[in-house]
Amino acid sequence: MPQPFTQLVSVQEAATLATPAWRFFDCRFNLANPAAGRDAYGAGHLPGAFFLDLEEDLSGPCSGLNGRHPLPDPQLLAAKLGSLGVGPDTQVVAYDDLGGMFAARLWWLLRWLGHTRVAVLDGGLQAWASSGKPIDTAIPEPVACHFEAQLQRDMKVNADYVLSHLDDPEVLIIDARAPDRFRGENETLDPVGGHIPGAINRFFRDNLDANGCFKQAARLQEEFGKLIKGGDAHAVVHQCGSGVTACHNLLAMEHAGLKGSKLYAGSWSEWIRNPNRPIAKGAR
């Protein structure tokens, strides 16, 4: 069995090594138009790719106390993936058209379920198309298999953990949102602007180069190394607006060799549900 891809896979690698043991998943989504991803998939996708919807498949129900994109029920997600042909030895490749913004969510979720043979297509659909690779409109017929979740509970933390570590100098919270939203400006997605006190900002798009691919591992290691200041990557907690783009920073750190950071999945949209949790505004 070939060595698995566990972080990123290039277009060339994906096109050359694609076999029945691989599964491609189209994760395109538009926060302003939730139907756009599925429509785009129908108009053309990687050959053999299946579609997974951020809100229907990769998120759970909102309760009014959690965030905008709560984690899905792991058993339901495992059943969905199994129905689409993901088994213990399947190499999964996730892609989108926004530099991995949504594909990284599936990457993290599969690792959370204990499946490490998962990677994000570097450069996404644009890199695939610009390389002259084919685009298909046919909807593939799935061949179901058994997928058993082996939940990795230490990969995430909850709001209580974050609250109890706000003054802990050993714990670093990294917010993946755009700088203006981090400062509490131009907030359009959540009813309250600002950030978790003590968090620092690392906009997820800063992980990408001018071509929309992830920066080289050494460059990301240097950039994240400055943020964590030599600290332990295991003490880093990633968050964003709803636990989606935070996964992009998690992937970037893993690609840089800085392994073991955690996700606060509820993120800002959950944090503000409780008015007793403190908020901060401005650059810090």
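Residues numbered from 1 in each chain as written. Predicted model: local features only at pLDDT ≥ 70, side-chain atom pairs only at ≥ 80, totals over all residues. Heavy atoms only, no water.

Time to look at helix H3 (residues 74-83). For H3, the full list of buried residues reads Pro74, Leu77, Ala78, Leu81 and Gly82. All buried residues of H3 project into a common sector of 135° when viewed along the axis, lining one side. Exposed residues pointing more than 90 degrees away from the buried face of H3 are listed as Gln75 and Leu76. Considering only its buried residues, H3 is in contact with strand S2 (22-26) and helix H4 (103-112). The positive-phi residue at the C-terminal boundary of H3 is Gly85, with phi of around 95°. (Buried < 20%, exposed > 50% of the residue type's maximum accessible area, 1.4 Å probe, protein only. Helix = DSSP H or I, 4+ residues; strand = E, 2+ residues; numbered from the N terminus. Arc of directions from axis to C-beta. Contact = heavy atoms within 4.5 Å.)

Attention shifts here to the packing of aromatic side chains. Following the criterion strictly, the structure yields nine aromatic pairs and no others. On the basis of an interplanar angle of 20° and a centroid distance of 5.7 Å, the ring pair of Trp108 and Trp112 is categorised as stacked. Of this pair, Trp108 and Trp112 both sit in helix H4, four residues apart, which is roughly one turn of the helix. No difference in accessibility class separates Trp108 from Trp112, as the two residues are buried. Members of the aromatic cluster, each reached through a chain of ring pairs, are Phe5, Trp22, Phe24 and Trp128. Sitting over the ring of Phe224, Arg202 keeps its end group 4.6 Å from the ring centre. (Phe/Tyr/Trp six-rings, centres within 6.5 Å; stacked < 30°, edge-to-face > 60°. Lys NZ or Arg CZ within 6 Å of the ring centre and 35° of its normal.)

Right, let's get into the pattern of salt bridges. A side chain with one charge may pair with a side chain of the opposite charge, provided their charged atoms come close. Per the stated rule, a full pass over the model turns up 15 salt bridges. Where Glu223 meets Arg219, a salt bridge forms, and the shortest distance between an N and an O atom there is 2.7 Å. Residue Glu223 and its partner Arg219 are both found in helix H8 (residues 217-228); the two are separated by four residues, about one turn of the helix. Note on Arg219: relative accessible area 45%, which makes it partly exposed. Across the pair Lys259 and Glu254 runs a salt bridge, and its minimum N-O distance is 3.6 Å. For Lys259, a relative accessible area of 43% gives the class partly exposed. Here the salt bridges share partners, and the residues they tie into one network are Arg68, Asp175, Arg177, Arg181, Glu187 and Asp190. (Salt bridge = Lys/Arg side-chain N within 4 Å of Asp/Glu carboxyl O.)

Another point: the nonpolar core. The biggest cluster of nonpolar side chains holds 58 residues, and the ones touching the most others in it are Phe25, Leu81, Leu106 and Trp108. Going through the elements one at a time, H3, strand S4 (91-95), H4, strand S5 (118-121), strand S7 (172-175), H8 and helix H9 (246-255) are the ones with two or more residues in this core. Take this core: its biggest share by element is eight residues, from H4. Setting aside chain neighbours within four positions, we find Phe25 in contact with Phe50, Leu52, Leu81, Leu84, Val86, Val92, Val93, Ala94, Tyr95 and Leu106. (Core = buried A, V, L, I, M, F, W, Y, C linked by side-chain atoms within 4.5 Å.)

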